[in-house]
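Here's the letter readout for the chains.
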Amino acid sequence: MVLKDDCIFCKIVNKGIPADIVKETDNFIVIKDINPVAPVHLLIISKRHYDSVLDAGGENGLDGKSGIFRLLGELAEDFKVADNGFRAVINTKEDGGQTVSHLHIHFIAGRRFGWPPG
Ligand code: 5GP
Ligand code: ZN
């Protein structure tokens, strides 16, 4: 399955519903989160539908070839947070607090975050 009919992020990838797209690579689109929790809150969404990161490491997965680490560095430069830093988060399934079952990575920056998460 590359895209899923009833998935909101697949619709965003397909440009079926609007989103504020800030960057696009072979494997990901990057949009602004609709409900930001920090001055910079981006969602790095895989173009291919994976229910979660648990499905993204297998045969048709993204490991190694995804360019995700390069993309994180580029976003840090683009949003001028390379010096101060940022956080990249993959909420996964129920305990991880995932609400949209399509692989996405939160890129948040612009303030100091606490640890551990609540
Ligand atoms: P999760 O809780 O699955 O880790 O993250 C889902 C994120 O998607 C939330 O931060 C939520 O605000 C964001 N989100 C949900 N629906 C939409 C949408 O239609 N557009 C955008 N830009 N963000 C969305
Ligand atoms: Zn999807």
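Given the structure is predicted, the values throughout are model-derived calculations rather than measurements.

1. So, the sheet that holds strand 3 (residues 40-46)
Part 1: With antiparallel pairing, five strands are arranged side by side in an open sheet as 1-2-3-5-4. Strands at the two margins of the open sheet, each flanked by one partner only, are strand 1 (21-24) and strand 4 (86-89). Strand-to-strand twist across the sheet, computed as the mean angle between neighbouring axes with direction ignored, equals 20 degrees.
Part 2: Two strands pair when backbone bridges link them, and strand 3 and strand 5 (residues 104-109) are joined in this way by six bridges, in the antiparallel orientation. Bridge assignment links Leu-42 to a residue of strand 5, and that residue is Phe-107.
Part 3: Seen against the sheet, helix 2 (residues 68-78) touches strand 1, strand 2 (28-32), strand 3, strand 4 and strand 5 and runs at an angle of roughly 155 degrees to strand 3.

2. Considerations on the coordination of the zinc ion (ligand 2)
Part 1: Of the protein atoms, only Cys-7 (SG), Cys-10 (SG), His-49 (ND1) and His-102 (ND1) coordinate the zinc ion (ligand 2), at distances of 2.0 to 2.3 Å.
Part 2: Written as a sequence motif, the donor residues of the zinc ion (ligand 2) are C-x2-C-x38-H-x52-H. With Cys-10 in helix 1 (residues 8-13) and His-49 in the loop between strand 3 and helix 2, the pair connects residues that are 39 residues apart, well separated along the chain.
Part 3: The exposure class assigned to Cys-10 is buried, which follows from its relative accessible area of 1%.
Part 4: The exposure class assigned to His-49 is buried, which follows from its relative accessible area of 3%.

The rules behind these values
Residues numbered from 1 in each chain as written. Chains lettered and ligands numbered in written order. Predicted model: local features only at pLDDT ≥ 70, side-chain atom pairs only at ≥ 80, totals over all residues. Heavy atoms only, no water. Pairing = 2+ DSSP bridges. Helix = DSSP H or I, 4+ residues; strand = E, 2+ residues; numbered from the N terminus. Axes fitted to C-alpha atoms, helices over the stretch in contact; angles between N-to-C directions. Contact = heavy atoms within 4.5 Å. Donors = N, O, S within 2.8 Å, 3.2 Å for Na, K, Ca; no water. Buried < 20%, exposed > 50% of the residue type's maximum accessible area, 1.4 Å probe, protein only.

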